[in-house]
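Close look at the chain arrangement
Spelled out from the first residue to the last, the chains are:
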2 protein chains.
Amino acid sequence: MREVFTKELEALADGLVDLGNLAVDAIKQSNKALATNDLQLAEQVITDDAQVNANQVEIDRRAVELLALQAPVAADLRIVVAALKMSVALERMGDLARHISAQVRIRYPEHAIPEAFTRIFERMGSVAERIGESMVELLSTPGLAAVPMISALDEELDALHLEVFTVIASLNADQITPSQIADVTLLARYYERFGDQAVNVAQRVDYMLSGNLDSDASSAE
Amino acid sequence: MREVFTKELEALADGLVDLGNLAVDAIKQSNKALATNDLQLAEQVITDDAQVNANQVEIDRRAVELLALQAPVAADLRIVVAALKMSVALERMGDLARHISAQVRIRYPEHAIPEAFTRIFERMGSVAERIGESMVELLSTPGLAAVPMISALDEELDALHLEVFTVIASLNADQITPSQIADVTLLARYYERFGDQAVNVAQRVDYMLSGNLDSDASSAE
């Protein structure tokens, strides 16, 4: 019985890694679609999000089944509860990547971001990929050492997010249209929230390992 | 034993209603702070958010305790799992209300929204309050009848969100500054997400009552 349980917990953990990988794939493709104004790629990300959602539902189904059939306690229970929480954050990361691609699609054939913002969004995209990859690594091999690194990357993303507003405030009306300002504001927000959700996941891994459930674990930002 | 369990499930449900009420209070106060440019009230919302976070942690602690000590199954298990999911959404609604107040504080003594947007944000605020109140009612007296009403209010909020972008696109550069455009874009987004989270909660109540876990339940938007 115990052996079956371990196998099922492992399947749950594998499901989280898979879901994390889907979110990372989505952000990578959205970054590329945004940088190269690739409508087809943007549409692919939007379509593929259905798989992210399906994976979340499957993780939750497995978690509930585990709770019902095995009644885990202590560390095993913490893994299942953490999975139920993390699946929300991972699915949301997929949504945020999809939102970025949706902006590309809405503005096509124009570029979704004006030239003055190309460089800063390249940097946001690159940090978002790194934070996503670190998160998947942490999910694959839980260890608390990765948590501070993920927090540091999130701070970098927050700083870039603020930088976007500094650039917005510095522009003259003939350099950017009102709609473009709204677009870059939303895009920057999507990247910033992507980072927040990765931090949420990292803090859940922390909880899983330590049982420490502080109030920050629920809402990194 | 069974009686104790029921009592603890009731306490869990009460905790969700309390958390929902805190989120509704927060959005009401943020609406007022935004409409009247009330710095003190905005700061109050920001301070009070710590209580929202603390309540979430307490709900999660109780849910985990229930799972560990009572090993619920069937409908009882669904309530506990739904509580773990709903606490995330409710806490997030508190965050979004806090973000609105934070915008008031950042721009003070200037108004956080230019006059051209006063009316539309009044309407968004009013719909957000109604969706929050409907959600608390649903949490207090679960019944599927309230779910379509909450969805309808969310659609109203989505329409107002789009309307904000139409107004932005219609303005000339001398009517609004780039920073003001960024501000109203974010504020509209916060209200829209507040509605999405209320729909998430409603769909979780649906799951709790019916056991139906479709992929939409995880990410209304």
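Thresholds applied
- Residues numbered from 1 in each chain as written.
- Chains lettered and ligands numbered in written order.
- Predicted model: local features only at pLDDT ≥ 70, side-chain atom pairs only at ≥ 80, totals over all residues.
- Heavy atoms only, no water.
- UniProt positions renumbered as here; feature names shortened; annotations may be inferred.
- Helix = DSSP H or I, 4+ residues; strand = E, 2+ residues; numbered from the N terminus.
- Axes fitted to C-alpha atoms, helices over the stretch in contact; angles between N-to-C directions.
- Parallel < 35°, antiparallel > 145°, perpendicular 65-115°, else oblique.
- Left-handed = near helix turned anticlockwise from the far one by under 90°.
- Nonpolar A, V, L, I, M, F, W, Y, C, P; charged D, E, K, R; others polar.
- Expected span 1.5 Å × (residues − 1).
- Buried < 20%, exposed > 50% of the residue type's maximum accessible area, 1.4 Å probe, protein only.
- Contact = heavy atoms within 4.5 Å.
- Buried area = accessible area lost by both parts, 1.4 Å probe.
- Salt bridge = Lys/Arg side-chain N within 4 Å of Asp/Glu carboxyl O.
- Least-squares fit on C-alpha atoms with pLDDT ≥ 70 in both.
- Core = buried A, V, L, I, M, F, W, Y, C linked by side-chain atoms within 4.5 Å.
- Phe/Tyr/Trp six-rings, centres within 6.5 Å; stacked < 30°, edge-to-face > 60°.
- pLDDT = per-residue confidence, 0-100.

**Let's talk about the UniProt feature "domain: PhoU" (unreviewed entry) in chain A**
Residues and elements named next belong to chain A. Mapped onto this numbering, the UniProt entry gives "domain: PhoU" (unreviewed entry) at residues 17-102 and 122-205. Along residues 17-102, the helical share is 94% and the strand share 0%, with 25 Å between the first and last C-alpha atoms. Across residues 122-205 one finds 86% helix and 0% strand; the C-alpha atoms that close the span lie 29 Å apart.

**Re the packing of helix 2 (residues 39-70) of chain A against helix 3 (residues 74-107) of chain A**
Residues and elements named next belong to chain A. Here helix 2 crosses helix 3 at 165°, and the two axes come no closer than 9 Å. One finds that helix 2 runs roughly antiparallel with respect to helix 3. By crossing handedness, the relation of helix 2 to helix 3 is classed as left-handed. A per-class count over the contact of helix 2 with helix 3 returns 18 nonpolar, five polar and seven charged.

**Topic: unusual backbone geometry**
For residues besides glycine, phi is generally negative; the peptide bonds are generally trans as well. A:Tyr108 connects to A:Pro109 through a cis peptide bond whose omega is 5°. Within the element layout of this structure, A:Pro109 appears in the loop between helix 3 and helix 4 (118-140). The backbone of A:Ala74 sits at a positive phi, close to 50°, despite the residue not being glycine. Among the structural elements, A:Ala74 can be located in helix 3. In this model, B:Asn37 sits at a positive phi of 50°, which is unusual for a non-glycine residue. Looking at where B:Asn37 falls in the secondary structure, it is placed in the loop between helix 1 (2-36) and helix 2 (39-70).

**Digging into helix 5 (residues 146-170) of chain B**
With 25 residues, helix 5 of chain B ought to run about 36 Å at 1.5 Å a step, and its terminal C-alpha atoms sit 37 Å apart, in line with that. Residues of helix 5 of chain B that are buried: B:Val147, B:Ile150, B:Leu153, B:Asp154, B:Leu157, B:Leu160, B:His161, B:Val164, B:Phe165 and B:Ile168. Those residues of helix 5 of chain B that are buried are in contact with helix 6 (178-210) of chain A together with helix 4 (118-140) and helix 6 (178-210) of chain B.

**Some details on the interface of chain A and chain B**
Each side of the interface is counted separately: chain A has 43 residues, and chain B has 43 residues. For the chain A and chain B pair, buried surface summed over both sides reaches about 3500 Å², with 65% attributable to carbon and sulfur atoms. At the junction of chain A and chain B, the tally comes to two salt bridges. The partner of A:Asp60 in a salt bridge is B:Lys85, with the nearest N and O atoms 2.9 Å apart. The residue inventory of the side of chain A that touches chain B, partitioned by class, reads 22 nonpolar, nine polar and twelve charged.

**Here we look at the relation of the copies chain A and chain B**
Superposition record for chain A on chain B: RMSD 0.0 Å, screw rotation 180°, translation along axis 0.0 Å. In the structure described here, the two chain copies are related by an operation that fits a two-fold rotation axis. Comparing interface residues between copies, 100% of those in chain A also lie at the interface in chain B; the contact surface is shared.

**A look at the pattern of salt bridges**
All names here are of chain A. In this structure the tally under the stated criterion is 28 salt bridges over all chains. Salt-bridge contacts for Arg123 lead to Glu163; the nearest nitrogen and oxygen are separated by 3.4 Å. Remark: Glu163 occurs in helix 5 (residues 146-170) and Arg123 occurs in helix 4; sequence separation between them is 40 residues. Taking the relative accessible area as the measure of exposure, Glu163 reaches 33% and is therefore partly exposed. Among the ionic contacts, a cluster of salt bridges with common partners joins Asp49, Arg92, Asp95 and Arg98.

**Points about the nonpolar core**
Ranked by internal contacts, the top residues of the largest apolar core, which has 148 residues, are A:Leu34, A:Phe117, A:Phe121, B:Leu34, B:Phe117 and B:Phe121. Look past the residues within four positions of A:Phe121 in its chain and what remains in contact with it is A:Leu34, A:Ile113, A:Val164, A:Val184, A:Leu187, A:Ala188 and A:Tyr191.

**Details of the packing of aromatic side chains**
Residues and elements named next belong to chain A. Evaluated as defined, the whole model comprises four aromatic pairs over all chains. For the pair Phe117 and Phe121, a centre-to-centre distance of 6.5 Å together with 50° between the ring planes defines the contact as tilted. By relative accessible area, Phe121 is classed as buried at 3%. On the numbers, 6.0 Å between centres and 45° between planes, the contact of Phe121 with Tyr191 is tilted. In this pair, Phe121 sits in helix 4 while Tyr191 sits in helix 6, placing the two residues 70 residues apart along the sequence.

**Things to note about the confidence of the model for chain A**
Residues and elements named next belong to chain A. Across chain A, the average pLDDT comes to 92, with 93% of residues at or above 70. This model gives residues 215-220 a pLDDT under 50, and the stretch forms 20 contacts once residues within four places in sequence are excluded. The complex prediction reports pTM at 0.94, with the ipTM value standing at 0.93.

**Considerations on the environment of A:Asn21**
With respect to the secondary-structure elements, A:Asn21 resides in helix 1 (residues 2-36). The sequence separation of A:Asn21 and A:Val127 amounts to 106 residues, and the corresponding C-alpha distance is 16 Å.

**Thoughts on the side chain of A:Ser101**
Residue and element names in this part refer to chain A. Here Ser101 lies in helix 3. Judged by its relative accessible area of 0%, Ser101 falls in the buried class. Non-local contacts of Ser101, meaning those with residues more than four positions away in its chain, are made with Ser30, Ala33, Ala42, Val45 and Ile46.

**Re the environment of A:Thr166**
Looking at the secondary structure, you find A:Thr166 in helix 5. Considering only alpha carbons, one finds A:Thr166 and A:Ala42, 124 residues apart in sequence, at a separation of 28 Å.

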